[in-house]
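Report on the structure
Each chain, written out:
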Amino acid sequence: MGALKGKSAVVTGSTSGIGLGIARALAAEGAKVRLNGFGDAAEFARLSKEFAGHDGADMTDPGAIAGMIARAERELGSVDILVNNAGIQHVAPVEEFPVDKWYAVLSVNLSSSFHTIKAALPGMRERGWGRIINVASTHGLVASTGKAAYVAAKHGLIGLTKVVGLETAGTQITCNAICPGWVLTPLVQKQIDALASKENLSADAAREALLKEKQPSGEFATPEQIGALAVFLCSPAAAQIRGAALTVDGGWTAQ
Ligand code: NAD
């Protein structure tokens, strides 16, 4: 406990799901954590008490992203830990994939990380320490049908992770990716609902079918488990893990 006391963090897309799990894990170790993401005002008021404020910057807007990092540096004193987690999904065969959805998925799931890293890295270099954690996916390593934009974005994010890992290799700044398999969050619940209605399945049967197709453990990974890995990546023990893509996927990519 308290291993991250004195550190400040920005976690994008942290009003829900995996991002909130990571934010809670970092805060439990004493980090000041600034949230980001969409949702309702009452929820933000409740969450703001637990964390060092909420920034509503839209991850599709490069100017807003630079503003968010500058505000966090000014108001928290630094951005020592940057977690790029915001993400969206759209499922359709490639020849029917709406062009606007292609750009939206690439923008939130890939380009936003380029913009946050570009804005936050100079401060980390100045202070001589930093941790950049990109939440990619098993879909950064392998593909599935219907997910052209998401798979392209997540493969791209792992590429970006490697480049930043190399460009910071001689410093105390590291950049790594976490690749979760299925985690039961609103993003995945939408896919379970779509499967239930397409195959005429109960909610339980659809959840089971979704897991069975990809995740050999038959169990969801949890936001708490992803949060614990993020805390580990911030520790001195992880100082030589650089440019890596670490899976938490119940065996999905071992097949
Ligand atoms: P989620 O829908 O619960 O959370 C997504 C978060 O991103 C929310 O806080 C939302 O407000 C925010 N967000 C979306 N668009 C945004 C924008 N334009 N600007 C700012 N914030 C925005 O989803 P989740 O499952 O927790 O996903 C989090 C990350 O984990 C994503 O990058 C996703 O691709 C990845 N991931 C999820 C799973 C899974 O099974 N749930 C698996 C692998 C990877």
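As the structure is a computational prediction, the values presented were derived from the model and not from experiment. (Residues numbered from 1 in each chain as written. Predicted model: local features only at pLDDT ≥ 70, side-chain atom pairs only at ≥ 80, totals over all residues. Heavy atoms only, no water.)

Our next topic: the domain arrangement of the protein. Taken domain by domain, the protein comprises domain 1 (8-181 + 222-248) and domain 2 (183-220). For domain 1 versus domain 2, the distance between C-alpha centres works out to 25 Å. Between domain 1 and domain 2, the residue contacts involve 14 residues of the former and eight residues of the latter. Counting each side, the surface lost to burial between domain 1 and domain 2 is near 740 Å², with a carbon and sulfur contribution of 61%. Taken as a group, Gln-89, Gly-181 and Thr-222 account for 39% of the area that domain 1 buries against domain 2, more than any other trio of residues on that side. Our count for the domain 1 to domain 2 interface comes out at zero salt bridges. Across the contact surface, domain 1 and domain 2 share three residue pairs in polar contact (both at pLDDT 80 or more). Contributions of two or more residues to the side of domain 1 that touches domain 2 are made by helix H1 (17-28) and helix H8 (223-233). Considering only residue class, the side of domain 1 that touches domain 2 consists of six nonpolar, seven polar and one charged. (Domains from an automatic or database assignment. Contact = heavy atoms within 4.5 Å. Buried area = accessible area lost by both parts, 1.4 Å probe. Salt bridge = Lys/Arg side-chain N within 4 Å of Asp/Glu carboxyl O. Polar contact = N/O pair within 3.5 Å; in protein donor to acceptor, adjacent residues only side chain to side chain. Helix = DSSP H or I, 4+ residues; strand = E, 2+ residues; numbered from the N terminus. Nonpolar A, V, L, I, M, F, W, Y, C, P; charged D, E, K, R; others polar.)

Turning our eyes to something else, we now look at the side chain of Ser-235. As for its position among the elements, Ser-235 is in the loop between H8 and strand S7 (245-248). Within the structure, Ser-235 has its side chain in polar contact with the backbone oxygen of Phe-232 (distance 2.6 Å).

Before going further, it helps to spend a moment on the packing of aromatic side chains. Using the criterion set out here, one finds one aromatic pair in the structure. Each ring, one from Trp-182 and one from Trp-252, has its centre 5.3 Å from the other, and the planes form 45°; the classification is tilted. Residue Trp-182 is located in the loop between strand S6 (173-180) and helix H6 (186-199), and its partner Trp-252 is located in the segment after S7; the two are separated by 70 residues in the primary sequence. Pair check on accessibility: Trp-182 and Trp-252 agree, each one buried. Above the ring of Trp-129, the side-chain terminus of Lys-7 is found at 4.1 Å from the ring centroid. (Phe/Tyr/Trp six-rings, centres within 6.5 Å; stacked < 30°, edge-to-face > 60°. Buried < 20%, exposed > 50% of the residue type's maximum accessible area, 1.4 Å probe, protein only. Lys NZ or Arg CZ within 6 Å of the ring centre and 35° of its normal.)

In this section: the site of the ligand. Around the ligand, a shell composed of 31 residues is seen, among which Thr-15, Ser-16, Tyr-150, Val-183 and Thr-185 lie nearest. Here an oxygen atom of the ligand sits 2.7 Å away from a polar atom, N or O, in the side chain of Thr-15. One of the side-chain nitrogen or oxygen atoms of Tyr-150 is found 2.5 Å away from an oxygen atom of the ligand. Within the complex, 93% of the 830 Å² of free accessible area of the ligand lies under protein. Among the detected pockets, the ligand sits in the largest pocket. Broken down by secondary-structure element, the contributors of at least two residues to the shell around the ligand are H1, helix H5 (148-167) and H6. Top contributing element to the shell around the ligand by residue count: H6, with three residues. Here the shell around the ligand spans two domains, and each of domain 1 (8-181 + 222-248) and domain 2 (183-220) adds at least three residues to it. (Near = heavy atom within 4 Å. Areas by Shrake-Rupley, 256 points an atom, 1.4 Å probe, with all protein chains shown as cover. 1 Å grid on protein atoms, 1.4 Å probe; cavity = no way out; pocket = protein on both sides within 12 Å on 5 of 7 lines; lining within 4 Å. Sits in = over half its atoms within 2 Å of the grid points.)

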